[in-house]
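Structural overview
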Amino acid sequence: MQFDKQQIIDHLKGKGDQDKADQAQSDLPDKVDTDKDSGLLSKLGVNVKDLMGKLPGGLGG
């Protein structure tokens, strides 16, 4: 599944994690593939299931 980088940054900011949001801004590609970029997402502490739960329609949540 793909996400816009900004969605992940907003997710991190929403959790109050500004440092990781800043790191995501510099480390992640504009389009983030949850499979291909799983290592980066893990490093940032991003739970893909949490992210999917925030999508319109509540996919995965």
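Residues numbered from 1 in each chain as written. Predicted model: local features only at pLDDT ≥ 70, side-chain atom pairs only at ≥ 80, totals over all residues. Heavy atoms only, no water.

1. Topic: the nonpolar core
- Within the largest apolar cluster, 13 residues are counted, with the highest numbers of intra-cluster contacts made by Ile 8, Leu 12, Ala 24, Leu 28, Leu 41 and Val 46.
- The set of elements that each furnish at least two residues to this core consists of helix 1 (5-14), helix 2 (18-27) and helix 4 (48-53).
- By residue number, the principal contributor to this core is helix 1, which donates 3 residues.
- When sequence neighbours within four positions are dropped, the list of residues in contact with Leu 28 reads Lys 5, Ile 8, Leu 40, Leu 41 and Leu 44. (Core = buried A, V, L, I, M, F, W, Y, C linked by side-chain atoms within 4.5 Å. Buried < 20%, exposed > 50% of the residue type's maximum accessible area, 1.4 Å probe, protein only. Helix = DSSP H or I, 4+ residues; strand = E, 2+ residues; numbered from the N terminus. Contact = heavy atoms within 4.5 Å.)

2. Overview of the side chain of Asp 37
- Tracing the backbone shows Asp 37 in the loop between strand 2 (31-33) and helix 3 (38-43).
- No salt bridge forms around the buried Asp 37; measuring N to O, its nearest opposite-charge neighbour Lys 36 is 4.8 Å away.
- Dropping the residues within four chain positions of it, Asp 37 is found in contact with Pro 29, Lys 31 and Val 32. (Lys, Arg positive; Asp, Glu negative; His and termini not counted. Salt bridge = Lys/Arg side-chain N within 4 Å of Asp/Glu carboxyl O.)

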